[in-house]
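Each chain, letter by letter, is given below.
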Amino acid sequence: MTFEDLRQKLKSGEVSSKELVQEKINRINELDPTLNSFLIVNTELALSKAEHIDKQIASGDHLPPLSGIPIAIKDNLCTKGIKTTCASKILDNFVPPYESTVTKKLLNAGAIMIGKTNMDEFAMGSSTETSAFGPTLNPWNITKVPGGSSGGSAASVAAGLCYGSLGSDTGGSIRQPASFCGVVGMKPTYGRVSRWGLIAFASSLDQVGPFANNVSDAAEILQVISGKDELDSTTVDIPVPNYLETLSKSIKGMKIGLIDNCFDHEGLATDVKESVLSSASLLENLGAEIVNISCPRFNDGIATYYVIAPSEASANLARYDGVKYGFRAEDEQSLIEMTSKSRALGFGSEVKRRILIGTYALSAGYVDAYYKKAQQVRTLIRRDFDDAFKKVDVLLAPTAPTTAFGSGDNIDNPMAMYLSDLLTIPANLAGLPAISLPCGFDKSDLPIGLQLIGNVFEEGKLLQVANQFEKAAEVYKNRPKTDFTL
Ligand SMILES: NC(=O)C[C@H](N)C(=O)O
């Protein structure tokens, strides 16, 4: 069911919002003890909001678009009066006194926040295994990871525990879990969506975006959360187009570029390669022209990102000093001791690794060799994209080199874990919008993700191509068999 179907059913009285919420809560109670995709479920609040909306529907009020629809929120978005932990021990007791802009916009659009979803600690990871509150499992196969860092947001949509969710994407954290869990996930252009109230990881890269069961629902969520925000000076004052209006336009004559540098990687799984290439043929059948495009610096993205992102993280995470908020170590004799101990006990090992790498890359004597050099390569990567978009409308690549890997497989091997972001990172470094949507399954029946990358502020084109693909490929008809608790 799409949001449009739900709206019709709510309007005709075939179903009430309270029933929708209750159904999701029952499903969470049944499946989430296994999946662990939620950190908090707002049962009382969600049900009372639903009752209120049902009354408004009954009295014939004209209601905003997402009214009565249960949506989940990644736990790095501040929610007023509701604990927001970033899946870290250091924020375990943090109750924000304010609401993030994106959640405020969703609430104003009538959505019901059913709960806060699990994630890698501070969004650092690609498997949701670095959460201080236990890993999330993949609903397609519970021995596999759901991807990360927004693994809870992806798994909860895939398992039908909510109708859509929000995640954040710094190096692939929306698209890679969307790919692993067989749902749609989109990272908007840097500046399209406000980050006010998003707990910062790497501020020149972080973006908030939607997860959904289908492209039109993702477009609806994006529509609601986009736009200039006085509280985030990095948002850009460019009118937000009506994404739904262009969704069903034909893609005839559109030029789609296959990034050929993506396809010659030894780490690219054969099933993934074949499925993505046959998706390109399907787009060709729909009237698009497929062109080979070279982005020579594409594969340098990963080395660049793992200098820039930790550098920014080391600065952003300096605020967790045991004084202002969060966890504080007891019985220390001096301020320095208290701060070091609070950080030593409060942060997990991946977060510490990033802080160490970032502090090193920014230190006097090394900053030019690492941080400055990485920024220079970042510019070259962006220029490759600028050249590519002179020739094509949209670029096409796999979302991740593999399908979901096994729980525990990469957790002790950070390099292997980082490689999962190989194909998603370049869009973050260049600030470009990108979407992942299901395009097939591998031999073990795990979902494969197709990635489309667009020019700045061309989310509309991405959604249009994605929607046409989705309608033709019908991959979404397969759902995970969530009988793992039986
Ligand atoms: N945050 C992200 O976008 C995920 C990326 N895997 C990282 O660990 O940095």
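Residues numbered from 1 in each chain as written. Predicted model: local features only at pLDDT ≥ 70, side-chain atom pairs only at ≥ 80, totals over all residues. Heavy atoms only, no water.

**What about the pairing of strand β6 (residues 207-212)?**
- With 6 of 6 residues buried, β6 is to be regarded as a mostly interior element.
- Examined bridge by bridge, strand β4 (residues 164-169) and β6 share 6 bridges and lie antiparallel to one another. Counterpart to Ser-168 in the pairing with β6 is Val-208.
- Inspection of the sheet shows strand β5 (residues 184-187) paired to β6 by 2 bridges, in the antiparallel sense. Bridged to Gly-185 within β6 is Phe-211. (Buried < 20%, exposed > 50% of the residue type's maximum accessible area, 1.4 Å probe, protein only. Helix = DSSP H or I, 4+ residues; strand = E, 2+ residues; numbered from the N terminus. Pairing = 2+ DSSP bridges.)

**Things to note about a nonpolar patch on the surface**
- Side chains of Tyr-360, Tyr-366 and Tyr-370 sit close together on the surface and give an oily, nonpolar patch of about 290 Å² of accessible area.
- Within the fold, Tyr-370 resides in helix α13 (residues 368-391).
- Tyr-370 gets classed as partly exposed once you look at its relative accessible area, which sits at 35%. (Patch = residues over 30% accessible without salt bridge, like charges linked within 9 Å, V, L, I, M, F, W, Y side chains within 5 Å. Areas by Shrake-Rupley, 256 points an atom, 1.4 Å probe, with all protein chains shown as cover. Salt bridge = Lys/Arg side-chain N within 4 Å of Asp/Glu carboxyl O.)

**Things to note about the site of the ligand**
- For the ligand, the set of nearby residues contains 14 residues, the closest of which are Ala-123, Gly-171, Ser-173, Tyr-305 and Asp-421.
- Ala-123 has a polar backbone atom sitting 2.7 Å from a nitrogen atom of the ligand.
- Contact distances for the ligand include 2.8 Å between an oxygen atom and a backbone N or O atom of Gly-125.
- When the ligand sits alone it has 270 Å² of accessible area, and the protein chains cover 100% of it.
- Spatially, the ligand is embedded in the largest cavity.
- Its residues assigned to classes, the shell around the ligand shows 5 nonpolar, 7 polar and 2 charged. (Near = heavy atom within 4 Å. Polar contact = N/O pair within 3.5 Å; in protein donor to acceptor, adjacent residues only side chain to side chain. 1 Å grid on protein atoms, 1.4 Å probe; cavity = no way out; pocket = protein on both sides within 12 Å on 5 of 7 lines; lining within 4 Å. Sits in = over half its atoms within 2 Å of the grid points. Nonpolar A, V, L, I, M, F, W, Y, C, P; charged D, E, K, R; others polar.)

**Considerations on empty space enclosed by the protein**
- On inspection of all chains with the given rule, the structure shows 5 cavities of 30 Å³ or more.
- The space that makes up the largest cavity amounts to roughly 60 Å³.
- Around the largest cavity, the lining is made up of 13 residues, and of these Ala-123, Gly-125, Ser-173, Tyr-305 and Asp-421 lie nearest the centre.
- Here the residues of the lining of the largest cavity are counted per class, giving 4 nonpolar, 7 polar and 2 charged.
- Each pocket or cavity is described by its volume, and for the second largest cavity that value is around 50 Å³.
- Lining the second largest cavity are Leu-437, Pro-438, Phe-469, Glu-470, Ala-473, Val-475 and Tyr-476.
- Of all the secondary structure elements, the ones that give two or more residues to the lining of the second largest cavity are β10 (434-441) and α16 (459-473).
- If you tally residues by element for the lining of the second largest cavity, the top one is α16, at 3 residues.
- Here the lining of the second largest cavity is built from residues that sort into 6 nonpolar, no polar and 1 charged. (Points joined across faces, edges and corners; volume = space filled by probe spheres on them.)

**Here we look at the sheet that holds β10**
- Taken in spatial order, the 11 strands make up an open sheet running β1-β3-β2-β4-β6-β5-β10-β11-β9-β7-β8, and their pairing is mixed. If you trace the sheet from one side to the other, it starts and ends with β1 (38-41) and β8 (289-293), each paired once. Across the sheet, the axes of successive neighbouring strands diverge by a mean angle of 30°, strand direction being ignored.
- Strand contacts of helix α5 (residues 151-158): β1, β2 (70-74), β3 (112-117), β4 and β6, with the helix running at about 155° to β4, the strand carrying the most contacts.
- Those strands touched by α16 are β5, β7 (255-259), β9 (394-398), β10 and β11 (447-454), and its axis lies near 10° from that of β10. (Axes fitted to C-alpha atoms, helices over the stretch in contact; angles between N-to-C directions. Contact = heavy atoms within 4.5 Å.)

**Considering the pattern of salt bridges**
- Inspection of the entire model under this criterion finds 21 salt bridges.
- For the salt bridge of Lys-24 with Glu-23, the shortest nitrogen-to-oxygen distance reads 3.8 Å.
- The partly exposed category is assigned to Glu-23, whose relative accessible area is 37%.
- Among the salt bridges present, the one from Lys-116 reaches Asp-75, with a minimum N-O distance of 3.0 Å. Taken together, the residues span a long stretch of sequence, with Lys-116 in strand β3 and Asp-75 in the loop between β2 and α4 (101-108) at a distance of 41 residues. Across the pair, exposure class does not vary: Lys-116 and Asp-75 are buried alike.
- Several salt bridges share partner residues, and in doing so they unite Glu-4, Arg-7 and Glu-220 into one network.

**Concerning the UniProt feature "active site" in the protein**
- Feature annotation in UniProt assigns "active site" to the following positions: Lys-74, Ser-149 and Ser-173. In sequence the annotated residues extend across 100 residues, while in space they remain close, none of their C-alpha pairs exceeding 11.0 Å. The annotated residues contributing to the lining of the largest cavity are Ser-173.
- Relative to the assigned elements, Ser-149 resides in the loop between β3 and α5.
- Residue classification places Ser-149 among the buried residues on the basis of a relative accessible area of 0%.
- Apart from residues lying up to four places away in sequence, Ser-149 is in contact with Lys-74, Asn-118, Met-119, Asp-120, Ala-123, Met-124, Gly-125, Thr-128 and Ser-173.
- Only 2.8 Å separates the side chain of Ser-149 from the side chain of Lys-74, close enough to count as a polar contact.
- As for its position among the elements, Ser-173 is in the loop between β4 and α6 (175-181).
- Among the residues examined, Ser-173 registers a relative accessible area of 6% and is labelled buried.
- Apart from the residues lying within four places of it in its own chain, the contact partners of Ser-173 are Lys-74, Ala-123, Gly-125, Gly-148, Ser-149, Ser-150, Ser-168 and Phe-211. (UniProt positions renumbered as here; feature names shortened; annotations may be inferred.)

**Let's talk about the side chain of Thr-399**
- In this structure, Thr-399 sits in the loop between β9 and α14 (414-419).
- Under the relative-accessibility criterion, Thr-399 is labelled buried at 0%.
- At a separation of 2.9 Å, a polar atom in the side chain of Thr-399 contacts the side chain of Ser-436.
- Non-local contacts of Thr-399, meaning those with residues more than four positions away in its chain, are made with Arg-175, Gln-176, Ser-179, Leu-423, Thr-424, Ser-436, Gly-449, Leu-450 and Gln-451.

**Considerations on the environment of Asp-386**
- Structurally, the position occupied by Asp-386 is in helix α13.
- C-alpha of Asp-386 to C-alpha of Pro-239: the two residues are 147 residues apart in sequence and 22 Å apart in space.

**Points about the packing of helix α1 (residues 3-12) against helix α7 (residues 215-225)**
- At a closest axis distance of 8 Å, the pairing of α1 and α7 adopts a crossing angle of 80°. Taken together, the axes of α1 and α7 lie roughly perpendicular to each other. Where α1 abuts α7, its residues Phe-3, Glu-4 and Arg-7 lie against Asp-217, Glu-220 and Ile-221.
- Residue composition of the contact of α1 with α7, grouped by class: 2 nonpolar, no polar and 4 charged. (Parallel < 35°, antiparallel > 145°, perpendicular 65-115°, else oblique.)

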